[in-house]
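# Geometric and topological summary
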Amino acid sequence: MKEIRFHNSLSGNKEVFRPEFPDRVRVYSCGPTVYNFAHLGNLRAFLFVDLLRRVLVAFGYKPDMTMNITDIDDKIIRESMAQGKNIREFTEPWVKAFQEDLESLNIQKLEHYPRATDSIPSMIEIIKHLQSHGLVYEKDGSLYYSISKFKNYGKLSGIDVSGMKTGTRYDTDEYDKDDVRDFVLWKFPKQEGEPSWDTEIGPGRPGWHLECSAMVRDVYGSGVDIHTGGVDLTFPHHENEIAQSEGAFPEESFVKYWLHSEHLLVNGEKMAKSKGNFFTLRDLVKDGIEPRNIRFLLLSAHYRSKLNFTKERLEEAAGSVSKIQNCINRLLEELSKSGKTFQSKTNVELTAWDEFLESLADDLNISKFLASVFELVKDSNQYLDQNSPNEDEIVKRLELFYKIDSILGVLSFERKVEVLDSEIDELVRQRQEARKNKNFAEADRLRDKLNEIGIILEDTKEGLRWKRK
Ligand code: AMP
Ligand code: ZN
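Calculation criteria
Residues numbered from 1 in each chain as written. Chains lettered and ligands numbered in written order. Predicted model: local features only at pLDDT ≥ 70, side-chain atom pairs only at ≥ 80, totals over all residues. Heavy atoms only, no water. Salt bridge = Lys/Arg side-chain N within 4 Å of Asp/Glu carboxyl O. Helix = DSSP H or I, 4+ residues; strand = E, 2+ residues; numbered from the N terminus. Buried < 20%, exposed > 50% of the residue type's maximum accessible area, 1.4 Å probe, protein only. Expected span 1.5 Å × (residues − 1). Near = heavy atom within 4 Å. Polar contact = N/O pair within 3.5 Å; in protein donor to acceptor, adjacent residues only side chain to side chain. Areas by Shrake-Rupley, 256 points an atom, 1.4 Å probe, with all protein chains shown as cover. Donors = N, O, S within 2.8 Å, 3.2 Å for Na, K, Ca; no water. Phe/Tyr/Trp six-rings, centres within 6.5 Å; stacked < 30°, edge-to-face > 60°. Axes fitted to C-alpha atoms, helices over the stretch in contact; angles between N-to-C directions. Parallel < 35°, antiparallel > 145°, perpendicular 65-115°, else oblique. Left-handed = near helix turned anticlockwise from the far one by under 90°. Contact = heavy atoms within 4.5 Å. Pairing = 2+ DSSP bridges.

## Points about the pattern of salt bridges
Counted by the stated rule, this structure contains 38 salt bridges. Salt-bridge contacts for Arg282 lead to Asp101; the nearest nitrogen and oxygen are separated by 3.0 Å. Of this pair, Arg282 sits in helix H7 (residues 281-286) while Asp101 sits in helix H3 (residues 87-104); the two residues are 181 residues apart in sequence, bridging distant segments of the chain. Glu246 is the partner of Lys155 in a salt bridge, and the nearest nitrogen-oxygen pair spans 3.0 Å. Remark: Glu246 occurs in helix H6 (residues 234-248) and Lys155 occurs in the loop between strand E6 (142-145) and strand E7 (169-170); sequence separation between them is 91 residues. Assessed through its relative accessible area of 16%, Glu246 is described here as buried. One network of salt bridges, with partners in common, ties together Asp74, Lys187, Glu194 and Arg205.

Here it is as structure tokens:
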């Protein structure tokens, strides 16, 4: 198996990836907080997870991946109470919207999508272990993590804990960056109607950080090979996850490789709900933008580089996708001349593919990968411009593009046949004629043919009409 190197935020270096079990690579990614539509920034983080998955598969690993759904936090409680709904009723449509967005962007399904509110027993277990190690204190019914008692606090983010005043606390799920304080593990109910669980550690609800530590445990029993999230989660969220999981179970390994993806910006500022500078996928689709072009744009920058979102960039991405697609269309067209259609054979060995893998092996160097893709496009176009392209060569190139698309997920390998309206009118007329003559076999054949080229027939009061799918 070829080696991959990932930048591990824990060491600050690129490290050779060695999962505990290659046939079960455990990856946990912080997912959405479901109180609204995801914005393109969130989707960039989720697309990074998709890229990671596709690359792991391309290198022969078998991934076992999780993205959690945060279905309880201050915002969700505030909004659901305002609408008089319980947490499930309120979050359900947003979970669905999240899944639809992933589908539109051709993001592959992961093995697990746990919800925080399904992991309460594991949260209680973690708190009890933390208590047994003297890491928890109580204040007004809520339980807090005493970070000064955890010797490795700060090892991921490099945050300086020395200036911290012992006993200063955070109660909310929203934090000031770089402000080091004890964080809440379990929140005592403060207002009437607030969601609360009656547990052996008292009534209340979980703090945000505890959720992820618990879901990792629920899915994997102990820790994972890779943990991902946006860079904004490094501190305090991931630092606190480490404090919880390693503080509660010091004998276990929690996370071996931490991978953080950079932000999507708008005019140089992080795209964020709170700033109002965001776009949702639906906003753009409504404007006629194809999701595959958005996918390409968000994937085309290296995951550890910031990416500034502009409409011009989106147009450039659309241009790039059609440039690759046009080349594939030409190859498909050429193949059809010898009466063949393209059907990828899985597991074909292609030496040229090694160069592409090489780029990805270097901490998912997508820019280098894409540079090779455009080299291949250029070279293939030149090849096709020659007089007599060779069938085997055409198929080989198509296979290579097919492998490329196992990573990019934006291309089509079906030959598009341009059919003129007048030709369709003629086929429809022939079909009507066949029906009139009770030649049903012929009528069915013509219907199938129309269907094949993407034409739907509709019986209306004004007679038979056709439209394109
Ligand atoms: P949230 O739904 O706010 O909990 O965020 C879900 C994921 O999106 C997290 O991994 C965040 O780090 C990530 N995220 C939020 N804003 C951005 C952004 N502007 N660019 C990239 N990732 C983001
Ligand atoms: Zn998390």
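Now that the structure is up, let's keep going.
## What about helix H4 (residues 120-132)?
Helix length check: H4, at 13 residues, gives a terminal C-alpha distance of 19 Å against a target of 18 Å (1.5 Å per residue), a fit within 8%. Residues of H4 that are buried include every one of Ile120, Ser122, Met123, Ile124, Ile126, Ile127 and Leu130, and no others. Of the residues trailing H4, Gly134 is marked for its positive phi of about 70 degrees.

## What to know about the site of ligand 1
Near ligand 1 you find 16 residues, and of these Thr33, Gly41, Asp232, Leu264 and Met271 are the closest. Within the side chain of Thr33, one N or O atom sits 3.0 Å away from an oxygen atom of ligand 1. In the environment of ligand 1, an oxygen atom lies 3.1 Å from a nitrogen or oxygen atom belonging to the backbone of Gly230. Considered on its own, ligand 1 offers 500 Å² of accessible surface; in the complex 87% of this is hidden by protein. Per-element accounting of the shell around ligand 1 gives the leading share, three residues, to helix H1 (residues 40-58).

## Observations concerning the coordination of the zinc ion (ligand 2)
Within the protein, Cys30 (SG), Cys212 (SG) and His237 (NE2) serve as the donor atoms for the zinc ion (ligand 2), at 2.1 to 2.2 Å. Counting gaps between the donor residues of the zinc ion (ligand 2) yields the pattern C-x181-C-x24-H. Of this pair, Cys30 sits in the loop between strand E3 (25-29) and H1 while His237 sits in helix H6; the two residues are 207 residues apart in sequence, bridging distant segments of the chain. For the residue pair Cys30 and His237, the accessibility class agrees, reading buried in each case.

## Overview of the packing of aromatic side chains
Enumeration over the complete set of coordinates arrives at 18 aromatic pairs. Here the aromatic rings of Phe279 and Phe309 are separated by 5.2 Å at their centres, their planes lie at 55 degrees, and the arrangement is tilted. One end of the pair, Phe279, is in the loop between strand E14 (269-270) and H7; the other, Phe309, is in the loop between strand E15 (307-308) and helix H9 (311-337), and 30 residues separate them in sequence. Under the relative-accessibility criterion, Phe279 is labelled partly exposed at 25%. The exposure class assigned to Phe309 is buried, which follows from its relative accessible area of 4%. Taken together, a centroid distance of 5.5 Å and an interplanar angle of 80 degrees make the contact between Phe356 and Phe369 edge-to-face.

## Some points on the packing of helix H5 (residues 208-220) against H6
Axis separation between H5 and H6 bottoms out at 9 Å; the angle between their running directions is 55 degrees. Classed by the angle they form, the pair H5 and H6 counts as oblique. The handedness of the crossing between H5 and H6 is right-handed. Residues Trp208, His209, Leu210, Cys212 and Ser213 of H5 pack against Pro236, His237, Asn240, Glu241, Gln244 and Ser245 of H6.

## Quick look at the sheet that holds E15
An order of E14-E13-E15 is seen for the three strands of this open sheet, with the pairing classed as mixed. Each edge of the open sheet is held by one strand with a lone partner, namely E14 and E15. The pairing of strand E13 (residues 264-266) with E15 spans two bridges and is classified as parallel. Of the residues in E15, the one forming a bridge with Leu264 is Leu307.

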